[in-house]
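A structural walkthrough
Residue-level listing of the chains:
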Amino acid sequence: MRVGTAFKRLLGIPGVSVAAVRFERDVVVVGLRLRRRRLVCARCGCVGRAGYDRRLRRWRHLDLARRRCFLEYALRRFVCPGCRRVVSEAVPWARPGARFTRAFEQLVAWLAQRSAFSVISRLLRVTWRSVARIVGRVVAEARPRLDGLERIGIDEISYRRGRRFLTVVVDHGSGRVVWVGEGHSQQTLDAFFDALGPERTARLRAVSVDMWAAYLKALRARAPQAAICIDPFHVVQQANKAVETVRKQEWRRLQATGRPARWLQRTRWAVLKRPERLSERQADTLALLERENQRLYQAYLLKEQLRAIYAVTPTAAAALLDSWLLTASHSELPAFHRLARMLHRHRSGVLNAIEHGLSNSRLEALNAHIRLINHRSYGFHSPKPLIALIHLCRGHITIPLPT
């Protein structure tokens, strides 16, 4: 068997023939020839007529016997009738503008779903910036799907100090990330609806979101037909903050009067945890609180009553929520006065979450994974590598191994 035939079978690239093989130190260079004669634009796919010139290019391929392997080809350039400028022809073994073969980039993307950039850089002997560019090209070619969205969740996550945020949109039906944008403003969410388009936006039925005003304003303006569902986790979180505020106020009041209040320090987790999760000691602390401090115990009961609204049917939830709002607004606890005013403004969103059964619990779990992914993209001055990596790892993108 000839050397050219052997390398042609090893490479497995259709439509090419091996012109020459040479060794340069620890590098194997395989010269290729394309069998087709027509010129195809790598950008728009238009067919050109006459060549402009040729430029010798190399593409990094999978390693061969512990040696780096490069594919070499005299790339033809021509005037594209669609782009109306001089462009390079498309080659079957590499993506447009890439200096790596498709097989090599598939291997890098598969490893990026499972390991850090520094590990890939050392294993495959490439720079971590090249790894980031490869991930970006693979994700751009996969094109995250925005079709079939009916129930989505929107949340923000801080990815860097200085209040740097990303807006993450998740499909509740499949659990995949469908869109990620930099920032957490109304303009950021408007960019998502611009990418979604008016036809697909009109198909949205329900959106789970927290009480961030910028998101709510964008949703009311761009998707008025979708039911806005206020995340139950954030509602209960605000109630817990109100309870903690009352506990601190009671601690200061007792300290000012000179009464011993050291036992009040042990009530934090007793008033924040669910009753079914209390330990025996915490249950005793709660019983002591009922006898000794009615204000804090009332705050605890209001918090539990608000949480219990999510356990009833949607028809009964409206009456219970109205009753809770009336009770909280007439209590002697200013922290719950503010909470009642907040929930009164978002009353329809709270009830929509109960009716549609939506919450951002999936997104809160996703945020933990995104923070882990963020550690893999340290060292970049732009969030684009992180956004591409989020799509690659949580966008349900399947990367076939070249082997």
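Residues numbered from 1 in each chain as written. Predicted model: local features only at pLDDT ≥ 70, side-chain atom pairs only at ≥ 80, totals over all residues. Heavy atoms only, no water.

Put plainly, a disulfide is one covalent bond tying together the sulfur atoms of two cysteines. In total, this model carries 0 disulfides according to the counting rule given. Cysteine Cys 46 shares no disulfide, and the gap to the nearest cysteine sulfur, in Cys 44, comes to 3.4 Å. (Disulfide = S-S within 2.5 Å.)

Approximately 620 Å³ is the volume found for the largest pocket. The set of elements that each furnish at least two residues to the lining of the largest pocket consists of β5 (51–64), β6 (67–80), β7 (85–88) and α4 (128–142). In terms of residue class, the lining of the largest pocket is made up of 12 nonpolar, 2 polar and 11 charged. Estimates place the volume of the second largest pocket at around 410 Å³. Forming the boundary of the second largest pocket are 14 residues, of which Phe 233, Val 236, Asn 240, Arg 274 and Arg 307 lie nearest the centre. It is helix α8 (residues 232–257) that contributes the most residues to the lining of the second largest pocket, 5 residues altogether. Partitioned by chemical class, the residues of the lining of the second largest pocket number 7 nonpolar, 2 polar and 5 charged. (1 Å grid on protein atoms, 1.4 Å probe; cavity = no way out; pocket = protein on both sides within 12 Å on 5 of 7 lines; lining within 4 Å. Points joined across faces, edges and corners; volume = space filled by probe spheres on them. Helix = DSSP H or I, 4+ residues; strand = E, 2+ residues; numbered from the N terminus. Nonpolar A, V, L, I, M, F, W, Y, C, P; charged D, E, K, R; others polar.)

The subject of this paragraph is the packing of helix α11 (residues 294–308) against helix α13 (residues 334–345). At a minimum axis separation of 12 Å, α11 and α13 run at an interaxial angle of 20°. Our classification of the angle between α11 and α13 gives roughly parallel. Taken as a pair, α11 and α13 cross one another with a handedness that is left-handed. Contacts between α11 and α13 pair Ala 299, Leu 302, Lys 303 and Leu 306 from the former with Phe 336, Leu 339 and Leu 343 from the latter. The residue makeup of the contact of α11 with α13, split by class, is 6 nonpolar, no polar and 1 charged. (Axes fitted to C-alpha atoms, helices over the stretch in contact; angles between N-to-C directions. Parallel < 35°, antiparallel > 145°, perpendicular 65-115°, else oblique. Left-handed = near helix turned anticlockwise from the far one by under 90°. Contact = heavy atoms within 4.5 Å.)

Geometry of an aromatic ring pair is reported as the spacing of the ring centres plus the angle between the planes. Scanning all chains against the criterion turns up 7 aromatic pairs. Each ring, one from Tyr 73 and one from Trp 93, has its centre 5.5 Å from the other, and the planes form 85°; the classification is edge-to-face. Of this pair, Tyr 73 sits in strand β6 while Trp 93 is found in the loop between β7 and α2 (102–112), placing the two residues 20 residues apart along the sequence. The pair formed by Tyr 73 and Trp 93 is uniform in burial state, with each residue classed as buried. Here the aromatic rings of Tyr 297 and Tyr 300 are separated by 6.0 Å at their centres, their planes lie at 35°, and the arrangement is tilted. Placement of the pair is Tyr 297 and Tyr 300 together in helix α11, with a separation of 3 residues, close to one helical turn. Its relative accessible area of 15% is what places Tyr 297 among the buried residues. Exposure remark for Tyr 300: the relative accessible area of 5% places this residue in the buried category. Here the aromatic cluster, defined as three or more aromatic residues joined through ring pairs, consists of Trp 59, Tyr 73 and Trp 93. For Arg 268, the ring lying beneath its charged end belongs to Trp 269, and the centroid distance is 4.8 Å. (Phe/Tyr/Trp six-rings, centres within 6.5 Å; stacked < 30°, edge-to-face > 60°. Buried < 20%, exposed > 50% of the residue type's maximum accessible area, 1.4 Å probe, protein only. Lys NZ or Arg CZ within 6 Å of the ring centre and 35° of its normal.)

What follows is about a nonpolar patch on the surface. Nonpolar side chains collect at one region of the surface, where Tyr 52, Val 79 and Val 86 lie side by side and expose about 280 Å² of accessible area between them. With respect to the helices and strands, Tyr 52 occurs in strand β5. (Patch = residues over 30% accessible without salt bridge, like charges linked within 9 Å, V, L, I, M, F, W, Y side chains within 5 Å. Areas by Shrake-Rupley, 256 points an atom, 1.4 Å probe, with all protein chains shown as cover. Salt bridge = Lys/Arg side-chain N within 4 Å of Asp/Glu carboxyl O.)

Another aspect to go through is the sheet that holds strand β12 (residues 227–230). Read from one edge of the open sheet, 5 strands run β10-β9-β8-β11-β12, paired in mixed fashion. Bordering the open sheet on either side are β10 (177–182) and β12, each of which pairs with just one other strand. Ignoring strand direction, the axes of neighbouring strands in this sheet form an average angle of 25°. Here 4 bridges tie strand β11 (residues 206–209) to β12, and the two strands are oriented parallel to one another. From the neighbouring strand, Ala 206 faces β12, where its bridge partner is Ala 227. Each of β8 (151–160), β9 (164–171) and β10 touches helix α15 (residues 361–376); the most contacted strand, β8, lies at about 35° to it. Contacting β8, β9 and β10, helix α16 (residues 384–394) runs over the sheet at an angle of about 170° to β10. (Pairing = 2+ DSSP bridges.)

The final tally for this structure, using the stated rule, is 23 salt bridges. The closest approach of N and O atoms between Glu 24 and Arg 22, which form a salt bridge, is 3.0 Å. According to the relative accessible area criterion, Glu 24 is partly exposed, its value standing at 30%. A relative accessible area of 32% places Arg 22 in the partly exposed class. In this structure, Arg 347 engages Asp 322 in a salt bridge whose closest nitrogen and oxygen atoms are separated by 2.7 Å. Highlighted residues: Arg 347 in helix α14 (residues 347–356) and Asp 322 in helix α12 (residues 314–329), separated in sequence by 25 residues. On the basis of relative accessible area, Asp 322 is assigned to the partly exposed category, the value being 35%. Each of Arg 95, Arg 102, Glu 105, Arg 137 and Glu 141 takes part in salt bridges that share partners, so that together they form one network.

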